[in-house]
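# Commentary on secondary and tertiary structure
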Amino acid sequence: MKRSFCATCLIMLLFAIEGRSQGSLLEDGFSLKFSVGFPPSQYGFDGELPLPKELELETTFGLEIGNQWYFYNSGHFGVGLDINWFDVVYGRAKLNNPLTGTINRITLEGSFIEFGPVATYAINDLFAIEGYYNLRPTYMVTYYWENTDDYVLVRNFNFLHGFGIGVRLKFFYIGYEATFGNIDGNVSADGEFEDFELLFDEQRMSGSNSKLIIGFQF
């Protein structure tokens, strides 16, 4: 059953790629992209709550699924709407200390129905350059824990922003995206970190990140 499902998905992907390869780079389409981010130290947490340097994130990993619709198409230049229905970013760090034990950190950033303008210049039927802006409704969570009883949780929602530029070679896409904005995170804690909830009611969470984007647009 699992093999049949994977084979069906592969066949559908091949048909989509084949159909796109015969069309214009300025046609409406679907995108599946992966990201590797290199965030600054304040990403996911930029508040006053003490944070060891070892728990700062060095890299993040993400997945985007979206569509593009072009409203203007001159043959070589198009302007339209870019939407990411689902965009999730994940980062993890760990601190091993013989005195305090192991402390873990996860930051999860989930954006839904990102939208904004996209502009594409197709040099020919093979190669195109494009840029975009997205308004990103985002829920962000940063979680620190030693075990299930000792933890700090910072989370909230806000609108972040993203600018990107990339190149397309038929259905293959590679680009760069910068995201920015801040979220005022609500703090909850328990166990040995319980006092943090009383001392730090809200903490700022930075959404700044620099991401390499690789994927498919067809």
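Attention here is on the structure that accompanies the text. (Residues numbered from 1 in each chain as written. Predicted model: local features only at pLDDT ≥ 70, side-chain atom pairs only at ≥ 80, totals over all residues. Heavy atoms only, no water.)

## As for a nonpolar patch on the surface
The cut-off we apply is this: Here a patch means residues that are over 30% exposed by relative accessible area and free of salt bridges, tied together within 9 Å if like-charged and within 5 Å if nonpolar (Val, Leu, Ile, Met, Phe, Trp, Tyr). Note on areas: Shrake-Rupley, 1.4 Å probe, and residue coverage restricted to the protein chains presented here. For salt bridges, the criterion is a side-chain nitrogen of Lys or Arg within 4 Å of an Asp or Glu carboxyl oxygen. Using a 1.4 Å probe on the protein chains alone, a residue whose accessible area is under 20% of its type maximum counts as buried, one over 50% counts as exposed, and one in between counts as partly exposed.
On the surface, Tyr72, Phe77, Val79, Tyr121, Ile123, Ile129, Ile165 and Tyr176 cluster together to form a nonpolar patch covering roughly 730 Å² of accessible area. Residue classification places Val79 among the partly exposed residues on the basis of a relative accessible area of 32%.

## With respect to unusual backbone geometry
Note the cut-off: Secondary structure elements follow DSSP: runs of H or I of four or more residues count as helices, runs of E of two or more count as strands, with numbering from the N terminus.
A positive phi angle, close to 55°, is found at Ile113, a residue other than glycine. When you line up the elements, Ile113 lands in strand β4 (residues 101-122). The residue Lys170 is not glycine, and still its phi comes out positive at about 60°. Take Lys170: it is sitting in the loop between β6 (150-169) and β7 (172-180).

## A short note on the pattern of salt bridges
Pairing is possible between side chains that carry opposite charge, provided their charged atoms lie close to one another. Overall, the coordinates contain 7 salt bridges when judged by the stated rule. Between Glu56 and Lys53 there is a salt bridge; the shortest N-O distance is 3.6 Å. Close ionic contact of Arg136 with Glu109 constitutes a salt bridge, the shortest N to O distance being 2.8 Å. Residue Arg136 is found in strand β5 (residues 127-147), and its partner Glu109 is found in strand β4; the two are separated by 27 residues along the sequence.

## Re the nonpolar core
Note the cut-off: Put simply, a nonpolar core is a bunch of buried Ala, Val, Leu, Ile, Met, Phe, Trp, Tyr and Cys residues held in one set by side-chain atoms that sit within 4.5 Å of each other. Here, residues are in contact when the closest pair of their heavy atoms is within 4.5 Å.
Membership of the largest hydrophobic core comes to 20 residues, with the highest contact counts inside it found for Leu55, Val152 and Val154. Mapped onto this core, the elements with two or more residues apiece are β3 (77-97), β5, β6 and β8 (182-190). Here Val152 is in contact with Leu49, Thr142, Tyr143, Tyr144, Val187, Ser188, Ala189, Phe193 and Phe196, once residues within four sequence places are set aside.

## Comments concerning the packing of aromatic side chains
Each pair of aromatic rings is reported with the distance of its centres and the angle of its planes. Just so we agree on the cut-off: Geometry of aromatic contacts follows a simple scheme: Phe, Tyr and Trp rings, the Trp one being its six-membered ring, pair when their centres are within 6.5 Å, and the pair is stacked under 30 degrees between planes, edge-to-face over 60, tilted otherwise.
As enumerated under the stated definition, the model contains 11 aromatic pairs in all. Aromatic pair Phe30 and Phe218: ring centres 5.9 Å apart, planes at 45°, arrangement tilted. With Phe30 in strand β1 (residues 29-37) and Phe218 in the segment after β10 (209-217), this pair connects stretches of sequence that are 188 residues apart. With relative accessibility at 12%, the residue Phe218 sits in the buried group. Pairing Trp69 with Trp85 gives two aromatic rings, centres 6.2 Å apart and planes at 80°, and the pair type is edge-to-face. Taken as a pair, Trp69 in strand β2 (residues 60-73) and Trp85 in strand β3 lie far apart in primary sequence, 16 residues in all. When its relative accessible area of 30% is taken as the criterion, Trp69 is described as partly exposed. The exposure class of Trp85 is partly exposed, given its relative accessible area of 37%.

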